[in-house]
Amino acid sequence: MAEENRAFTATSFNIYLTQDKKLMGVLCRACGTLSPEPRPMCHACHGRDMEWYEFSGKARLSTFTCISIVPEKMSKKGYGRDNPYCTGIVTLEEGPRLSALIIGVDATKPQDIKTGMEMVLDLAEVDPESPTPTFRPV
Amino acid sequence: MSTNSSKRQLGRPVSIVGAGMSRFGAFADKDSRDLFVEAFQDMLDNLDQGIDVRDIECAYVGNYSSDLFEHQGHTAPIIADWLGLTPIPVTRIENACASSGSALREGIMAIASGLYDIVMVGGMEKMTSLPTEGVTDVLATAADGLYEVPAGLTFPGIFGAIATAHMDRYETNLDHLLKVGIKNHENGALNPKAQFNVTIQNLMERRMARAQERGQPVPEYVTEMDFLNDPGANPWIAWPLRLYDCAPITDGAACVLLVASEVAHNFTDKPIELAGTGQASGRPLHDADELTSLSAAKAAAGNAYEMAGVTADEIQVAEVHDCFTIAEIIASEDLGFFAPGEGGMAVDEGRTALNGDKPINTSGGLKAKGHPVGASGVAQVAEIFHQLRGEAGDRQVNKPGLELGLTHNVGGTGGTCVVNILRRSS
């Protein structure tokens, strides 16, 4: 059960990722639009009656990149020129897309990573300092 | 009351009568204000009939992040002071890499409203004060810090993801990307103010010569593509983008003088009219309508074409925002120059080269001219100003009746886009 009292903010989104191991977005009760990013007002109809919505975690890889020149945060985790990581955009089975870290692929062989492949949410090792939705191939 | 796009006309016509640019590059001994002074002096020195600086009534300065690059906020009054413009109103505009494109629109509207007749608009960025990792982190603040950056997406990373999607959906390939860079370096080699005033061929020959001097094995490059396909010379940044797919880190400034068209002939016999202007906002890539296009670019272009009363086919020369090679390809599609998916092939066929039917980035573009982010929008306008006046030197587009040019300036990864259409007054 979602904690209904949590504010529709990134702070709550991150608590759900790290503590509840869930991908929680919002549903607009007025027009039915789903947003994986919690927000207090619907961007589509400007409705203010939002509720928490748990995404199943099933998705497809829409696009990706393998990053060799890495930001400081990823450098501290051991990524870099000789050890790139994969990140990209997934399309959730419910429709919306979101930016996500992609694990379980060989980022040194981007030619072998295929868009369209089935992905699943995997929050087992989500970083509590910088939580992000993380997906791996099924 | 609903808005009606057909009403989006300027209150009165606005023209550009002068343009200036600092040298673009890496200048350890200069701060952004010094670069702005250099651009301003270049503009004054090339104003056909001169100006008393005290006649400038108002100014706008595009600047992305002097706060993080130079630990200096509130830069507008500093520019006013360094140019000797106080006490006129000067305002800084921040819209990431579209800061000065957006500043230009503010200047246009200030004149079109009737409030001022003479407005200076410029842009500046001092980026080399930070190491590359620091610059990468600053540029990443132009993306969504809550929902994009935590996923490990960098600025090149988001454009890498766009390139992956474009290659997946269309016939675009890695060679098309590299050929954008080759073309822009060829143009940059003809631009004395460009940061990379050299062709890729030159850079390849230098690398071979250096290896020979040092007694190291000399790489067996025959063509520029051999050089660009060598990971030692052209390392991966964010698949499928390599070093030579990315605009450099640059210090520089640019400015233009805008006036009410009715007084333009007090300054020059060859004013360039701002025939159309459009600006739009867009959502982060994951929430965008398409992964292979920037919706803000299409919307801004639509507004600019409508205001100018022209079509994409009529544009004869364009400066587009090639922060990455893929960005030039999708810009050429979003602007309607080529059908979706055909931008890469157009580059391959030489259509966007200096002597092609649709010359793009004659200045060298952000790739070779350099990309001091807050200056780029106005620097693009300066290039088209010179092209339409026939004063672009060795890189002059050689077309009879050159009359219509366009600029396309993107902020961040498509969150902002500004498109201007310039017309040589007949």
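Caption draft 1: How the structure looks around the domain arrangement of chain A. All names here are of chain A. Examined at the domain level, chain A breaks down into domain 1 (10–54) and domain 2 (58–137). Just the C-alpha atoms count here: the centres of domain 1 and domain 2 sit 22 Å apart. Secondary structure elements with two or more residues in the side of domain 1 that touches domain 2: helix 1 (10–20) and strand 2 (34–35). For the side of domain 1 that touches domain 2, the element with the highest residue contribution is helix 1, accounting for three residues. Here the residues of the side of domain 1 that touches domain 2 are counted per class, giving four nonpolar, three polar and one charged.

Caption draft 2: Here's a closer look at the packing of helix 7 (residues 174–188) of chain B against helix 11 (residues 325–334) of chain B. Residue and element names in this part refer to chain B. Close contact between helix 7 and helix 11 brings their axes to 8 Å; oriented N to C, the two are set at 95°. Here helix 11 runs roughly perpendicular to helix 7, going by the angle between their axes. Taken together, the residues of helix 11 that come into contact with helix 7 (itself represented by His176, Leu177, Val180 and Gly181) are Thr325, Ile326, Glu328 and Ile329. Of the residues belonging to the contact of helix 7 with helix 11, the class tally is four nonpolar, three polar and one charged.

Caption draft 3: Looking closely at the packing of helix 4 (residues 99–112) of chain B against helix 14 (residues 376–388) of chain B. Residues and elements named next belong to chain B. Here helix 4 crosses helix 14 at 70°, and the two axes come no closer than 5 Å. The angle between the axes of helix 4 and helix 14 places the two elements in the roughly perpendicular class. Contacts between helix 4 and helix 14 involve Ser99, Ser100, Gly101 and Leu104 from the former and Ser376, Gly377, Val378 and Val381 from the latter. Broken down by class, the residue content of the contact of helix 4 with helix 14 amounts to three nonpolar, five polar and no charged.

Caption draft 4: How the structure looks around the interface of chain B and chain A. Contacts between the two partners involve 28 residues from chain B and, on the opposite side, 27 residues from chain A. Of all the secondary-structure elements, those providing two or more residues to the side of chain B that touches chain A are helix 5 (132–140), helix 6 (155–169) and strand 5 (236–238) of chain B. Along the lines of polarity and charge, the residues of the side of chain B that touches chain A split into 16 nonpolar, seven polar and five charged.

Caption draft 5: Just the sheet that holds strand 1 (residues 24–28) of chain A, in detail. Spatially, three strands are ordered 2-1-3 (chain A) in an open sheet, and the strand pairing comes out antiparallel. Taken across any chain shown, the strands that pair with only one partner, and hence form the sheet edges, are strand 2 and strand 3 (50–54) of chain A.

Caption draft 6: How the structure looks around helix 14 of chain B. All names here are of chain B. Spanning 13 residues, helix 14 covers 19 Å between terminal C-alpha atoms, matching the ideal 18 Å at 1.5 Å per step. Within helix 14, 13 of the 13 residues are buried, which leaves the element mostly enclosed by the surrounding structure. Backbone geometry just after helix 14 places Gly390 at a positive phi near 70°.

Caption draft 7: Quick look at the sheet that holds strand 9 (residues 317–319) of chain B. All names here are of chain B. The sheet built from nine strands is open, its strands ordered 3-2-4-7-1-8-11-10-9 with mixed pairing. The sheet is open, and its two borders are formed by strand 3 (90–93) and strand 9, each paired with just one other strand. Ignoring which end each strand starts from, the neighbouring axes of this sheet average 25° apart. One ladder, built from four bridges, connects strand 2 (residues 58–62) with strand 3; its direction is parallel. The partner of Ala59 across the bridge, within strand 3, is Val90. Contacting strand 1 (14–21), strand 2, strand 4 (118–125), strand 7 (252–260), strand 8 (272–281), strand 9, strand 10 (404–411) and strand 11 (416–424), helix 14 runs over the sheet at an angle of about 170° to strand 10.

Caption draft 8: Seen up close, the nonpolar core. With 154 residues, the main nonpolar core has B:Val121 and B:Val256 as its most contacted residues. Excluding its chain neighbours within four sequence positions, the residues that come into contact with B:Val256 are B:Ile16, B:Gly18, B:Ala19, B:Val121, B:Val378, B:Val381, B:Ala382 and B:Phe385.

About the cut-offs
Residues numbered from 1 in each chain as written. Chains lettered and ligands numbered in written order. Predicted model: local features only at pLDDT ≥ 70, side-chain atom pairs only at ≥ 80, totals over all residues. Domains from an automatic or database assignment. Helix = DSSP H or I, 4+ residues; strand = E, 2+ residues; numbered from the N terminus. Nonpolar A, V, L, I, M, F, W, Y, C, P; charged D, E, K, R; others polar. Axes fitted to C-alpha atoms, helices over the stretch in contact; angles between N-to-C directions. Parallel < 35°, antiparallel > 145°, perpendicular 65-115°, else oblique. Contact = placed C-beta atoms within 7 Å. Pairing = 2+ DSSP bridges. Expected span 1.5 Å × (residues − 1). Buried ≥ 20, exposed ≤ 12 C-beta atoms within 10 Å, placed from the backbone. Core = buried A, V, L, I, M, F, W, Y, C linked by C-beta atoms within 7 Å.

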